[in-house]
Amino acid sequence: MRTIIKLILFAAVFALLSCQGKESVVTRESRLSTGHQLIDQRRYGEAVSYFKKLLQADPHPHVKMALASAYAGRAGIRIEKIYTFVVLRDFQAEAVSLEGLSLNQQTENLVRSLARYAEHWKKVPVLSEQGRADVGHAVEVLQQDTNAGVRLYSGVLRVVLLKSVVEQGLQSWGQVTAQSLCSDQLQPYFQWMLELTDTLIFISRDLQGAFPDRQKEFAKYETELAVFKAEAQKIPWPQEKICF
Amino acid sequence: MKIFLVMIALLFSSSAGAFKREAAFAGAANWTEFRQYVLHQQQEDERTGIAYMISGAIAAAGGTIAYQQSEEIFSRTIFAITSNLGLAAIGLGATYYWTGNELDSFYYAIEGSSLSLAERNEVLQRFLYKQQEEKRKAKWIRVATHALLAAANIYGATQEENKEISSVFYFLGGANALLAVTYTF
Amino acid sequence: MLLRHVLTLTVLMSGAGVVAKAATYSPVLRDGGSRFLVRSLGSVCYSMDSFRRGLPCNPAFVAKDKAPRFDADLMLGSNMEYLREAEELLDGKSDEQAVAKIFSRREMVDGEISIEASFQRPTWGISVEPYRLVYVYQFENAALPMVDMIASEEQSIKAQLASFTSGNFYAGLQLRYTHIKYIGNSFSIAEAMAGDSDQLFEIHNQDILYVEPGFLYAWEDAVWEPQISAMLSQWGVSSYKSQQYPIRPQGLLGASIKPTVPLGLLEVGVQFQIHNETENFQDAVRAAITYQLGLLQAVVSGSQYDQSVGFLATYKSFSTGLSYWSEKQNKSVFIQFGVSL
């Protein structure tokens, strides 16, 4: 019996030892996880509100990305559609048939490269107007952060935005070109092209932040795009209406 | 995976021994006590035999069905092995049940003879002495075998350039060294 | 294929950089018991006899179990396919279908590979685990996946010493030294793909020495052989404080009985596991039943959070087994190959 009493005493000491110093289990990860669950359940509106509040208390890059992803989710952007852009991977796309054409090697490579990017491009979803607004908010949330992952995500979202703007512009252009074309109708497209150039400049900046070791390469693109934009802005727009 | 192959090799090497159950009578050379021990062992053998036959049948049937139902490669491998072990266990169980242990033959030979109790005790004493002597020899053979295996594996480990393979050799060398030391007690 | 996974993880472990912050392993993955039956029985193994492989969970049992033995086991967790998919995703090699598939389930996935050899004599035992790989992955947020991961490589050595007084009371001490090399972090897939992603995979080294006493009182002459046990586990000192491998002692109180059955050996056990995150009584309880007949040993165990069911087939010196384990967000299949000499 004395042995049993000793055993019980030991057990009591163990229980005391093992219950020492209870630590808080609420961490940033657990808070983020709560919001991620809302996204996984497609409750995007609630996720946006949740992460907005969390961002006020904790402006960590993960919180910013979570809020941006809630906006992106609401816009209908699924990861499998943009994954290839996130990882910037070369797809083995169908090669463009170049038989019978007399192209040099450099041009052929360029065309092949464009074909590959076209494959990536095809997967990027086209957003609705509300979706574009959401992605716009997402990009705003991310814009001040220098974290490489944040910059990459921002760049990807801008690509999605770019595609929607391009698609809309091309659709409208198709309608316009069905009729006779005049200079006053062309002016909005000229502005549209300048806006696209701005977006490409932002993407170049995002990529500089996302890949610091390739910063020079992307900075060069940015400079070239800025030069192109400046040259385009120098072109005087005709005062009188000219039709083609 | 190499470890797995080594284990399979060990399985076959260690399964190559006798099929009958080992039994050792540790008491004094007294025929009455020996008889009780053998009869008790026979009951145990029958019980163990039945247990192996039932569980073997379950393992063989269950393993086959589960193998067919399972899609995942690791699970399928285990079910296939279990099914095979089950079949082997049925045979092992039958052997235990119908042939008993290694003392049975000696017991029936003496029990059925016209020897007096004193003579039986004397034969038993000689038998147990011989059995112990053989066990002693077997023990030192085991010590030498494992010591040799330890030395060969450790030497192999020092000569092997591939770190992964050399660690397997060291593992086997250490295990065999430990076994060699153990068998000396 | 296994070696390829291991090598991939080793490559993954070759970065340098920022402070890691990620998931903590569950106590069951930290308690050093890589044996198949430990995983199947859970914490109840500290109070049960039906544990004839490797060193017992509770060192006091070394003095009770008189049979000397040597055995070596290889244990594998079977989430290898998921691990490969996760690695391809993080390497940027997944296609659209694979990405959609991996995010179609929201659960934690863990896995384990272990090789362990142990040697047991009456009153003492030693065990060497030259290699143990443990990993836990969790993906969440289908819009921008967040990865919570930890992968570690461990080497351990365990020594158990035990004695008994008045025949029925056993006391033992386990000393367990573990060297751990791990990576652990929580990051978004965008961070993993960005230019400075190497920083996410810094290798951490940690050394832990656990001192774990255990006690057992067994009524060995009673019909159902009841016994009660107590153990303090995961109590020790660490080379540094980490979130992945914290020193969080836990107290274990358990009991078991062996109801008489006509054939085979039946054992039923229950365990109360108390640590600093235990909030109520139900959280601490776990029960297990094992039944051994011939070459088969069936094991069922469960708590209010998880359940495990498995079997071990032992033929002569070879053993193999399979165990399914599941909880709310996580499920695993464990398999084992073992040799006893």
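Residues numbered from 1 in each chain as written. Chains lettered and ligands numbered in written order. Predicted model: local features only at pLDDT ≥ 70, side-chain atom pairs only at ≥ 80, totals over all residues.

A. A look at the overall build of chain A. When you go through chain A residue by residue, the secondary structure sums to ten helices and zero strands. In sequence order, chain A lays out its α and β elements as α-α-α-α-α-α-α-α-α-α. A buried classification covers 29% of the 244 residues belonging to chain A. Counting contacts in chain A only where the partners sit at least 6 residues apart, residues at least 24 apart contribute 69% of the total. (Helix = DSSP H or I, 4+ residues; strand = E, 2+ residues; numbered from the N terminus. Buried ≥ 20, exposed ≤ 12 C-beta atoms within 10 Å, placed from the backbone. Contact = placed C-beta atoms within 7 Å.)

B. Representation of the overall build of chain C within the structure. Counting its secondary structure elements, chain C contains eight helices and 15 strands. Here chain C, with 341 residues, has 53% of them falling under the buried criterion. Taking the intrachain contacts of chain C between residues at least 6 apart in sequence as the baseline, contacts between residues at least 24 apart amount to 62%.

C. Layout of the nonpolar core. The biggest cluster of nonpolar side chains holds 139 residues, and the ones touching the most others in it are Ala68, Ala70, Ala72, Val135, Tyr153 and Leu157 of chain A. Two domains each put at least three residues into this core: domain 1 (28–113) and domain 2 (116–185) of chain B. Discounting residues that sit within four places of it in the chain, tyrosine 153 of chain A has contacts with Met65, Ala68 and Leu142 of chain A together with Leu144 and Ala190 of chain C. (Core = buried A, V, L, I, M, F, W, Y, C linked by C-beta atoms within 7 Å. Domains from an automatic or database assignment.)

D. The pairing of strand E4 (residues 146–165) of chain C, seen in detail. All names here are of chain C. As defined by bridge partners, strand E3 (residues 124–140) adjoins E4 across 15 bridges and the pair is classed as antiparallel. Paired with serine 127 across the bridge in E4 is lysine 158. In this structure, E4 lies alongside strand E5 (residues 169–188), joined through 20 bridges in antiparallel fashion. The residue of E5 that forms the bridge with alanine 162 is glycine 172. Adjacent in sequence and paired antiparallel, E4 and E5 are bridged by three residues, among which serine 166 carries a positive phi angle near 45 degrees. (Pairing = 2+ DSSP bridges.)

E. Local environment of the environment of glutamine 336 of chain C. Residue and element names in this part refer to chain C. Structurally, glutamine 336 can be placed in strand E15 (residues 331–340). Through-space distance from the C-alpha of glutamine 336 to that of valine 38 is 12 Å; in sequence the pair is 298 residues apart. Beyond its immediate stretch of four places on either side in the chain, glutamine 336 contacts Phe36, Asp73, Leu74, Met75, Thr320 and Gly321.

F. Fine view of the interface of chain B and chain C. The partner chain C presents 30 residues to the 32 residues of chain B that form the contact. Counting residues per element, the ones that place at least two in the side of chain B that touches chain C are helix H1 (2–15), helix H2 (31–69), helix H3 (73–99) and helix H6 (163–184) of chain B. Among the elements that make up the side of chain B that touches chain C, the one with the highest residue count is H3 of chain B (nine residues). Its residues assigned to classes, the side of chain B that touches chain C comprises 22 nonpolar, nine polar and one charged. (Nonpolar A, V, L, I, M, F, W, Y, C, P; charged D, E, K, R; others polar.)

G. The pairing of E15 of chain C, seen in detail. All names here are of chain C. Counting buried positions along E15 gives eight out of ten residues, so the element sits mostly inside the fold. Of the strand pairs in this sheet, strand E1 (residues 69–77) and E15 are connected by seven bridges, and their pairing is antiparallel. Its bridge partner being in E15, glycine 77 is matched across the sheet by phenylalanine 334. The pairing of strand E14 (residues 318–327) with E15 spans nine bridges and is classified as antiparallel.

H. Summary view of unusual backbone geometry. Residue and element names in this part refer to chain C. Located in the positive-phi region is asparagine 141, a residue other than glycine, with phi close to 75 degrees. Along the chain, the position of asparagine 141 falls in the loop between E3 and E4. The exposure class assigned to asparagine 141 is buried, which follows from the 27 C-beta atoms found within 10 Å. In this structure, glutamate 225 takes a positive phi of about 45 degrees despite not being glycine. Counting through the fold element by element, glutamate 225 comes out in the loop between strand E6 (204–218) and strand E7 (227–233). Note on glutamate 225: 16 C-beta atoms within 10 Å, which makes it partly exposed.

I. Layout of helix H3 (residues 44–57) of chain A. Residue and element names in this part refer to chain A. Here H3 contains 14 residues, and its C-alpha end-to-end distance of 20 Å stays within 8% of the 20 Å for a straight helix at 1.5 Å per residue. The complete set of buried residues in H3 reads Tyr44, Ala47, Val48, Tyr50, Phe51 and Leu54. Here the buried face of H3 lies against helix H2 (28–40) and helix H4 (61–74). (Expected span 1.5 Å × (residues − 1).)

J. Region of interest: the confidence of the model for chain C. Residues and elements named next belong to chain C. Averaged over chain C, the pLDDT score is 80; the fraction of residues at 70 or greater is 80%. The low-confidence segment residues 1–22, where pLDDT is below 50, has 46 contacts with residues more than four positions distant or belonging to other chains. As scored by the predictor, the complex reaches a pTM of 0.71 and an ipTM of 0.74. (pLDDT = per-residue confidence, 0-100.)

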